[in-house]
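Results of the structural survey
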Amino acid sequence: MWTEKAAATAEAQESGCRNRSSISRQIPVVGVVTEDDEAQGVFKPMDLNRVIKLLEETNKDGLEEKQLKFVKKLVLCYQNGLPLRDLAQIFKILNLCAGKIKNQPRFVESAYDIIKLCGLPFLKKKVSDEITYAEDTANSIALLGDLMKIPSSELRIQICKCIVDFYHAEPPKKHIPGYQQASSSYKIQMAEVGGLAKTMVQAMTFLENQLVEKLWVLKVLQHLSTSEVNCSIMMKAQAASGICAHLNDPDPSGQLLFRSSEILWNLLEKSSKEEILQQLSNLECLLALKEVFKNLFIRGYSHYDRQLRNDILVITTIIAQNPEAPMIECGFAKDLILFATFNEVKSQNILVKGLKLSNSYEDFELKKLLFNIIVILCKDLPTIQLLIEGKVILALFTYVKKPEKQKTTDWSAAQYEELQLHAIATLSSVAPLLIEEYMSCQGNAQVLAFLEWCESEDPFFSHGNSFHGTGGRGNKFAQMRYSLRLLRAMVYLEDETVNKDLCEKGTIQQMIGIFKNTISKTNEKEEAIVLEIQSDILLILSGLCEHHIQRKEIFGTEGVDIVLHVMKTDPRKLQSGLGYNVLLFSTLDSIWCCILGCYPSEDYFLEKEGIFLLLDVLALNQKKFCNLILGIMVEFCDNPKTAAHVNAWRGKKDQTAASLLIKLWRKEEKELGVKRDKNGKIIDTKKPLFTSFQQEQKIIPLPANCPSIAVMDVSENIRAKIYAILGKLDFENLPGLSAEDFVTLCIIHRYLDFKIGEIWNEIYEEIKLEKLRPVTTDKNALEAITTASENIGKMVASLQSEIIESQARQDVQNEQKVYAKIQATHKQRELANKSWENFLARTSNAKTLKKVKRLQEKAIEASRYRERPQNAIFHPTDIKGLNTTVPSGGVVTVESTPARLLGGPLADTDIALKKLPIRGGALHRVKAVKIEDVPKKSIPT
């Protein structure tokens, strides 16, 4: 039955079935509807080329109606989405319609409908369509920006809506078989490629008086500015200056200001900040920002207004960083200073009359931003007069005091603490520029009194929430840190009025006391901030004591003790990254400024082994400390007591100070690229100290007041300092040096001679370059000097060779001695082995033992005196029956074998029954035989 049905179907179909006679089972043929056929039901077939051709025709009756009809038909055809393959033709139709609008206004509706289609999803038939039609798509989207020139508000708004829809992609309303929606970011990418952002920025120029359309364009630019590519395009189109200049344009809705500020933010973040600042740093933009900020500051009461006000202030702060920005010329700087200080200093200015900040988060942020912009403004010196007029120092000093209970309308405790720290940090930047105002406010007294409170045990719970409060939670370390920074900034002005006032108020003693207290209060959590505090204290003391002996005497032994405490720090902590390096630098600086030059302090430093600690740090071989430590050592060596301490120091492996200094010299020369052979000898006797940099640099004529390369070399490396130290220690009596050290010492000893010759050589070369001809006497003198310098080089090289040869001979002698010791040791071992073999032979073979005994007796007999004197009594020395071949001495100590082993007396000897003057009883095993010069007990013969 199934076969008959299949045969009937085959006859009814012209194609699409197969009748296989060779197969007994027939497969039925089923009609299939393809995806292309189904898609035809959605995309009705339409010849787009025909539509284009029709729109290009002109001057025919009824043509306009026909054209509009076909366009409407096209819109209906693509109401579910635009295939990428048709996009180029559809946009060509859109362009043709747009071109007809001027003379045929009815085409506005057609263009509007086609643009509306652009907001629909773009559809792809193949995965590769996005790449294949990328160029067509980019050009098509770019056309949307060009269409903004059409003077139709409705059309412009629709274009903007369409572009905004790119960023809010929705799925197709109806699934179209055979097609897929392009990726959600595809339109956005193509907009970037096509440069749509540029045409939208240009559209702003002819929309100045059309608020609604302008707001829509700003909305588009707000979306486009989320991309770095678009921001770069907008930057090149001068978008920043164009948008900023119109910030103050009338807008009841408030959208203009919000969207414009958002665009400016994005441009600053996602494009070249320098270029954007350049565009915004003009009078027109700053005047617009000024008016907007003033309006929001005075009349803005809502949460939204305050946020927007703060955003505008941040943008202004960034612009103020540009020195070329006319902040003073536009009057903005003066207004900002007024707004920053009106809460602390009463002002009669109408702008702030009756105005008061609340403790809301936005107003709190505003206050911090105003403090911040003061720091930026003070970098421009013309602003100083405005700071004086605005009484900025007085306003900031209202925060440098012990916190009191605030009123309910004022800041919270946490807010006040953060503002206090911010104000003190601002003072550190502003006060050094306004010394007179600082002193008139009794700045030193206020800061010292505040430090005294910081040091006291007064109960205070610090919140430590802010950037400035880092490390200060639950203590006063944050307040102490910023107060000390302020003092450090003032001290390093080197203004004698300020420093004298500080010393008169007992600052040196107070700083030392604070340092001692921080030592006892340190724990791991607060270690970093405490180290910073200690560093600042030492720097303040250095600034106060430098060049003043009386102040160094006040620093005294207590100051030396805190310096020594830091010097004893575990060297491993220098690599911890917590600030021990900075503290050590500050300590070395304080040694230079507070101890050197004051003989009692120097003697106390030496007495407490300070030189040993300096050399311990130097031995760490950290280049960053070497130059400073060596400079201190040079100055200390002027003290006659120093040399003994330096020579007494010993490092690892019993290294001496002289050996350490010479090792540093070799390392320095290696880094400088000075030519030396493998033994450290001079290679170039004409230029024995030349570095690789000096070799590369050509000698050029310089004015007399400009130091040459050879002179600059003295201060740019540590060789001159090492020469000075070793010279003061006496080159002839340096302990603990090896031959290699002596070879290097030859060069160091002649450093000054070499350097003088090097400078004269430079003078000679400069004369040649300037083509000057010295008189005969001068010429002879120059030649004699250069020859003498070269001879010194040759003499030093010769001396080095002698040292090396002497050392080589000494090494050979030492080697021979070692070999002789080794040979003697081997010979002794051979003799010991031979003796042992003989001993074994005697003890293991009776015949051998008897033979040796006979030989021994014969030798004894042969050694006796033949002629006996008359009446002499002969005492035999042999013990009969004793089986031993060991020579008997004056005393023999015998330990008998225990009776339990032998069970009887000495039965085999002639004296078995005699009582011996040794431990009696049975024979004991002999443990040791010892021959002594003086007998303990004599055995009668």
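Everything numeric here is computed off the predicted structure, so don't read it as measured data.

Of the regular secondary structure elements, the chain holds 44 helices and three strands. A buried classification covers 43% of the 941 residues belonging to the chain. Considering only contacts in the chain between residues 6 or more positions apart, those separated by 24 or more positions represent 76%. Surface exposure of the chain reaches about 52500 Å², of which carbon and sulfur atoms provide 53%.

The next subject is the sheet that holds strand β3 (residues 180-181). What holds strands together in a sheet is hydrogen bonding between their backbones, with the strands either parallel or antiparallel. Strand order in the open sheet formed by three strands is β1-β2-β3, with mixed pairing between adjacent strands. Unpaired on one side and paired on the other, β1 (82-83) and β3 mark the two borders of the sheet. Where strand β2 (residues 122-124) meets β3, two bridges bridge the pair, whose relative direction is antiparallel. Each bridged residue has a counterpart across the sheet, and for Leu123 the counterpart in β3 is Gln181.

Under the counting rule described, the total for this entry stands at zero disulfides. Cys244 supplies the cysteine sulfur nearest to Cys285, a cysteine that is in no disulfide, at a spacing of 4.1 Å.

Another point: the nonpolar core. When a protein is soluble and globular, its nonpolar side chains tend to lie buried together. Ranked by internal contacts, the top residues of the largest apolar core, which has 240 residues, are Met200, Leu221, Met511, Ile591, Leu614 and Leu726. Top contributing element to this core by residue count: helix α29 (residues 527-545), with 10 residues. Leave out the neighbours within four places in its chain, and Met511 touches Leu448, Leu451, Leu484, Leu487, Ile537, Ile540 and Leu541.

Let us now look at a positive patch on the surface. Residues Lys847, Lys850, Lys851, Arg854 and Lys858 make up a contiguous surface patch of positive charge. Its location among the elements puts Arg854 in helix α43 (residues 846-863). Relative accessible area serves as the criterion here: at 52%, Arg854 is assigned to the exposed category.

It is the contact of helix α36 (residues 657-672) with helix α39 (residues 719-729), at a shortest axis distance of 10 Å, that shows an interaxial angle of 160°. Here α36 lies roughly antiparallel to α39, going by the angle between them. Crossing handedness for the pair α36 and α39: left-handed. Here α36 contributes Ala658, Leu661, Ile662, Leu664, Trp665, Glu668, Glu669 and Leu672 to the contact with α39, which in turn contributes Arg719, Ile722, Ile725 and Leu726. Among the residues making up the contact of α36 with α39, the classes are represented as nine nonpolar, no polar and three charged.

Should the charged atoms of two oppositely charged side chains come close, the side chains can pair. Applying the stated criterion across every chain, the model contains 31 salt bridges. In this structure, Lys367 and Glu344 form a salt bridge, with 3.0 Å as the shortest nitrogen-oxygen distance. Placement of the pair is Lys367 in helix α20 (residues 361-377) and Glu344 in the loop between α19 (332-341) and α20, with a sequence separation of 23 residues. Taking the relative accessible area as the measure of exposure, Lys367 reaches 0% and is therefore buried. Classification of Glu344 as partly exposed rests on a relative accessible area of 21%. Put simply, Arg572 and Asp570 hold a salt bridge, and the shortest N to O gap is 2.8 Å. Here the salt bridges share partners, and the residues they tie into one network are Glu669, Arg676, Asp713, Arg719, Lys755 and Glu758.

Axis separation between helix α11 (residues 196-203) and helix α13 (residues 228-236) bottoms out at 8 Å; the angle between their running directions is 40°. Comparing the axis directions of α11 and α13 gives the class oblique. Handedness of the α11/α13 crossing: right-handed. Taken together, the residues of α13 that come into contact with α11 (itself represented by Ala197, Lys198 and Val201) are Asn230, Ile233 and Met234.

A residue-level look at the chain finds 85% of positions with pLDDT of 70 or above and a mean pLDDT of 84. Of the regions scoring below 50 in pLDDT, residues 1-41 engages in 18 contacts with residues more than four places distant in sequence or in other chains.

Along the chain, the position of Thr137 falls in helix α8 (residues 134-146). For Thr137, a relative accessible area of 0% corresponds to the buried category. Distance from Thr137 to Leu84, taken between C-alpha atoms, is 7.3 Å for residues 53 residues apart in sequence. Not counting residues within four places of it along the chain, the set of residues in contact with Thr137 comprises Leu84, Leu87, Phe122, Tyr186 and Met190.

Conventions adopted
Per chain, the residues get numbers from 1 upward, laid out in the order the sequence is written. Where local features are concerned, this predicted model is filtered to residues with pLDDT of at least 70; where side-chain atom pairs are given and counted, the filter is 80 or more; whole-chain, interface and lining totals use all residues. The basis for every side-chain value is the complete set of heavy atoms in the structure, and neither hydrogens nor water enter the calculation. Strands here mean DSSP runs of E at least two residues long; helices mean DSSP runs of H or I at least four residues long; both are numbered from the N terminus. For each residue, the accessible area found with a 1.4 Å probe, counting protein chains only, is set against the maximum for its type, and the residue is called buried under 20%, exposed over 50%, and partly exposed in between. In this analysis, two residues are considered to be in contact whenever any of their non-hydrogen atoms come within 4.5 Å of each other. Surface exposure here means Shrake-Rupley accessible area, sampled with a 1.4 Å probe, where a residue is shielded only by the protein chains that are shown. Only strands joined by at least two bridges in the DSSP assignment are considered to pair. Here, the term disulfide refers to a pair of cysteine sulfur atoms separated by no more than 2.5 Å. Side-chain atoms within 4.5 Å are what join buried Ala, Val, Leu, Ile, Met, Phe, Trp, Tyr and Cys residues into a set we call a nonpolar core. Residues enter patches when they are more than 30% accessible in relative terms and free of salt bridges; like-charged ones are connected within 9 Å and nonpolar ones (Val, Leu, Ile, Met, Phe, Trp, Tyr) within 5 Å. Criterion for a salt bridge: a side-chain nitrogen of Lys or Arg within 4 Å of a carboxyl oxygen of Asp or Glu. For the purpose of counting charges, residues Lys and Arg are taken to be positive, whereas Asp and Glu are taken to be negative. His and the chain ends are not included. Lys charges are placed at NZ, Arg charges at CZ, Asp charges at CG and Glu charges at CD. Working convention: axes come from line fits to C-alpha atoms, limited for helices to the stretch in contact. Angles between N-to-C directions cover 0 to 180 degrees. For classification, angles of less than 35 degrees are called roughly parallel, those exceeding 145 degrees roughly antiparallel, those between 65 and 115 degrees roughly perpendicular, and all remaining angles oblique. If you view the pair so one helix is near and one far, a crossing is left-handed when the near helix is turned anticlockwise from the far one by less than a right angle, and right-handed when it is turned clockwise. When residues are sorted by character, Ala, Val, Leu, Ile, Met, Phe, Trp, Tyr, Cys and Pro go into the nonpolar class, Asp, Glu, Lys and Arg into the charged class, and all the rest, Gly among them, into the polar class. pLDDT measures how confident the predictor is about each residue, on a scale from 0 to 100.

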